[in-house]
Amino acid sequence: MNNSLNVVALSMLTDRSSDLRRLQDEKEINEILDVIFASSSSSSSEESDFEQDIEKNSFEITIADMSDEEFKRQFKIERKTAEKIISRFSQSKFLPNQINGGRNRIGDRKSVFMYVWYVISTVSYRELSGLFGVSASVAWCTVRSVTEFLISISHEFVNWPRGKAAIESMEKFQNIQNIPGVIGAIDVIYIPIRAPKLHKGDYLNHKNKYSIALQAVVDADKKFIDITCGEPGCLRGQGVLEKSNLDKRAKEHYDELFPNSSFVIGDSAYSSTNWLVPPFKNNELLSVSHKKFNEKHSQTRIVVENAFELLKTRFQRLSKFTEQTNLPVITNIVASTCVLHNICLSMNDFWEPTEVNCSKENDESDEDCEEEQEEFEEQENELKNSINRRDQLFKYLKKEKII
């Protein structure tokens, strides 16, 4: 049973020996390159002084001459984190022996730096190729190669807590607002994309923007312990959950995923079940105790919002996919940033942006969530014969005078 990474429409092309052979067909690369060159120099005026310096100097010399502090400021990850990824990538089958036509390969270091620069910024592939002295097609293939490598090792870094780790996770959550039994917090954000060629309407989210959904469960340390990526943006929180492998596993392997009747907390877009606890619907009928429950619930659940905030500010690519409509490739890139986020946390490589620049288009208002909860009330009533974990939790917190 796969209990770590659940990526919808995952395109894992691991048996091909060169970057260009990873392309599905000649038509695909032509379409990609058409967009790359069409984007031209429209954003050239937005290039930073640092990017201009790279164009004037040798890439290897520029990177080597950076202090550790400058490296972290420019690449948004520490040098030690980059070196770890480079070491693993160099030993993987995703580093090709050569590029097309027998030309010298792009080395492991340059490949990783190209990928990182792409996901932490919004540069086009044409701009990326100029910065690193390669063709646009090689830049695209290199980013894809490192992306697939990170997906291939995701099981090492994105995994559901078990045993001692599960107990520690619950203890950390309880330390936030004294709510016992929380093993994770769940939420969904929407990644903006270009209008896909097929089924465009399915990808319009509630803000009327084309997008794909990224669902994640995080622990108290803001680490992703389960992700689902690639569902069309028309689906809201509960809809994405019902399509995900997590929902199926929660029903089939409840005791394994939720020891000691532990549970996940989510916002009011979700239905209350025996393993997922949303807040109570916010209306005039709520008692003081119910309002206190919701307040503590919100203050505990905020870790997932913080995790998404860190993800989006470190990896600004998630705010702009304008060069391709290949949904499996976009899905993989988004998922790979979640893996890299966890790798950074495992290396104590934290990102504390001075400015938060997260688009509110991804966020659902309380009113939106309340409307969606009404849609699921009928389904929730069907669960009345099962254990309603929220009611149990509310009674316990009130008995212990926590609320």
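See the structure printed just above.
A brief structural summary. (Residues numbered from 1 in each chain as written. Predicted model: local features only at pLDDT ≥ 70, side-chain atom pairs only at ≥ 80, totals over all residues. Heavy atoms only, no water.)

**Things to note about the packing of aromatic side chains**
One pass over the full model with this rule turns up 14 aromatic pairs. With a centroid separation of 5.7 Å and an interplanar angle of 65°, the aromatic rings of F71 and F113 are classed as edge-to-face. With F71 in helix α4 (residues 68–75) and F113 in helix α6 (residues 108–120), the pair connects residues that are 42 residues apart, well separated along the chain. Taken as a pair, F71 and F113 share a single burial class, namely buried. Aromatic pair F94 and F149: ring centres 6.4 Å apart, planes at 65°, arrangement edge-to-face. With F94 in the loop between α5 (79–90) and α6 and F149 in helix α8 (residues 136–152), the pair connects residues that are 55 residues apart, well separated along the chain. The same class applies to F94 as to F149, namely buried. One aromatic cluster is present, formed by F71, F75, F113 and W117 through successive ring pairs. (Phe/Tyr/Trp six-rings, centres within 6.5 Å; stacked < 30°, edge-to-face > 60°. Helix = DSSP H or I, 4+ residues; strand = E, 2+ residues; numbered from the N terminus. Buried < 20%, exposed > 50% of the residue type's maximum accessible area, 1.4 Å probe, protein only.)

**Re the packing of α6 against α8**
Contact geometry of α6 with α8 gives a least axis separation of 9 Å together with a crossing angle of 90°. Classified by the angle between their axes, α6 and α8 sit roughly perpendicular to one another. Residues S111, V112, M114, Y115 and Y118 of α6 form the contact with α8, whose participating residues are A139, T142, V143, V146, T147 and L150. A class-by-class count of the residues in the contact of α6 with α8 yields eight nonpolar, three polar and no charged. (Axes fitted to C-alpha atoms, helices over the stretch in contact; angles between N-to-C directions. Parallel < 35°, antiparallel > 145°, perpendicular 65-115°, else oblique. Contact = heavy atoms within 4.5 Å. Nonpolar A, V, L, I, M, F, W, Y, C, P; charged D, E, K, R; others polar.)

**Regarding the nonpolar core**
Counting residues in each nonpolar core, the largest one holds 86 residues, and the members touching the most others are F75, L128, I212, L214, F224 and V334. At 11 residues, the largest contribution of residues to this core is made by helix α15 (residues 327–346). The next biggest cluster of nonpolar side chains, apart from the first, holds 23 residues, and it includes W160, Y270, W275 and L276. (Core = buried A, V, L, I, M, F, W, Y, C linked by side-chain atoms within 4.5 Å.)

**Looking at the pairing of strand β4 (residues 224–232)**
Most of β4 sits out of view: nine of its nine residues are buried. By the bridge criterion, seven bridges tie strand β3 (residues 211–218) to β4 in an arrangement that is antiparallel. Note on β4: the bridge partner recorded for Q215 is T228. The antiparallel pairing of β3 with β4 creates a hairpin that spans five residues between the two strands, and K222 there sits at a positive phi of about 70°. (Pairing = 2+ DSSP bridges.)

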